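# Structural characterization, general
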Amino acid sequence: MTDLGTDLVALAEKLARSAGSLALAGRKKGLTEVDTKSTATDMVTEFDRASERLIVDGLIESRPHDAIVGEEGTSRDGTSGISWFVDPIDGTTNFFYDLPNWCVSIGAKDAGGTVCGVVYVPALDEMFTATRGGGAWLNGKQIHCGSIAELSQALICTGFNYDSSNRVAQAERILRYIDKVRDVRRFGAAAIDICYVACGRLDGYYEEYLWPWDYVAADLIAREAGCRTGDLTGAPIDNRDVLISNPTLFPQLVTLIRESGGK
Ligand code: LIP
C-alpha cells in the first residue's frame, strides 16, 4: 500500500504533464483569446483556462472530496482535509510571448502543511516533484540546493509585481544591492525560480505579492532539496512574500533585502 504523499504526487504529476502538453501544443498553433486581469499586463489566455479545467476535472474525478483553489477562478470546498493549489500556467507573460520559461504548478496541503508538490516545465520537459519527507526530484533524479556561502558569489533571482506602483520600489532595491551579489536574474515564473534554487541553478530567490498557487508546490520542493524558505523578514511564509536559498545564505539575504529598502 503506498502512502498518501506518493498517491497525491502521482496524480499531480499525471495532470501537470497532461495540462502542460495541452498548453504547449496549443501555443504552437497560436493564441486566440487573451484577456487581462488585475492590470493591463496581467494576462490570461484560453490555455490558462483550459489547463486549469483539465487539472480540476482530473482532481474531482480522482478525489471528489478534496478542496481546490486555482489561479483562474476555481474555489471548491472539501471535506477530506486535503486542499489543492493550482497554477495552470505560471509565467503567463512568457507563455504569451512564446518564451520557454513557464510551468504548471500543483501542490497539495493537509493539516500538517504541504504533502506534495509538482512543477512541470513543458518546453524543457522538466518535472520537479517532492513529497513531504521524501526528498526533491528532477525527472527522477534527486536534487539538492547549492552551497554558496558568500553573497558576492551568489546568483540572485527575483520578480516584479504587475502593479507598476510597486515596481519602482522593487527596482530601486536592486539598485542598492546589485554591487554586493554575483548577479541578478528575472525569469518570470515564481515556481520555476524556486525550483531552480532547489536544484542549484540559482543561489537565492525572493519576491513579493505572490499567491499561494505560485509557491505552495515549489516551496515544498525547495525545502525537501535542503533550502530554507520564509518571507523577506526570515519568518515562515504566511502570505505573499517569499525568500528561498540555502540555509547559510538565507540570513545574509534577509539582511541584504532589509538594508536595501526591503520589508
Ligand atoms: C507570475 C509570477 C512571477 C511574477 C509575475 C507573475 P503568473 O505569475 O510567477 O514570478 O514576477 O509578476 O505574478 O501571473 O504568470 O501566474
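Read on for an overview of the structure.

The rules behind the values
Residues numbered from 1 in each chain as written. Predicted model: local features only at pLDDT ≥ 70, side-chain atom pairs only at ≥ 80, totals over all residues. Heavy atoms only, no water. Salt bridge = Lys/Arg side-chain N within 4 Å of Asp/Glu carboxyl O. Buried < 20%, exposed > 50% of the residue type's maximum accessible area, 1.4 Å probe, protein only. Near = heavy atom within 4 Å. Polar contact = N/O pair within 3.5 Å; in protein donor to acceptor, adjacent residues only side chain to side chain. Areas by Shrake-Rupley, 256 points an atom, 1.4 Å probe, with all protein chains shown as cover. Helix = DSSP H or I, 4+ residues; strand = E, 2+ residues; numbered from the N terminus. Nonpolar A, V, L, I, M, F, W, Y, C, P; charged D, E, K, R; others polar. Domains from an automatic or database assignment. 1 Å grid on protein atoms, 1.4 Å probe; cavity = no way out; pocket = protein on both sides within 12 Å on 5 of 7 lines; lining within 4 Å. Points joined across faces, edges and corners; volume = space filled by probe spheres on them.

## Remarks on the pattern of salt bridges
Where charged atoms of side chains with opposite charge meet at close range, the side chains can pair. Under the counting rule described, the total for this entry stands at 12 salt bridges. For Lys180, the salt bridge goes to Asp179, with nearest N and O atoms at 3.3 Å. Looking at Lys180, the relative accessible area reads 40%, which means it is partly exposed. Residue class for Asp179 comes out exposed when judged on its relative accessible area of 61%. Here Arg223 makes a salt bridge to Asp219, at a shortest N to O gap of 3.0 Å.

## What to know about the site of the ligand
What surrounds the ligand is a group of 16 residues, the closest being Asp90, Gly91, Tyr162, Ala190 and Glu207. In the environment of the ligand, an oxygen atom lies 2.8 Å from a nitrogen or oxygen atom belonging to the backbone of Gly91. When the free accessible area of the ligand is taken as 380 Å², the share hidden by the protein chains comes to 94%. Considering each element in turn, the shell around the ligand owes the most residues, three residues, to strand S5 (residues 83-90). Across the shell around the ligand, the residue classes break down as six nonpolar, four polar and six charged. Split by domain, the shell around the ligand shows at least three residues from each of two domains, domain 1 (3-142) and domain 2 (151-259).

## Some words on the layout of surface pockets
One number sums up the size of the largest pocket: a volume of about 720 Å³. Residue lining of the largest pocket: 34 residues in total, with Asp42, Glu71, Phe160, Asn161 and Tyr162 positioned closest to the centre. Going through the elements one at a time, S5, helix H3 (92-96) and helix H6 (212-224) are the ones with two or more residues in the lining of the largest pocket. Residues belonging to the lining of the largest pocket are distributed by class as follows: 11 nonpolar, nine polar and 14 charged. Per-domain counts for the lining of the largest pocket show at least three residues from each of domain 1 (3-142) and domain 2 (151-259).

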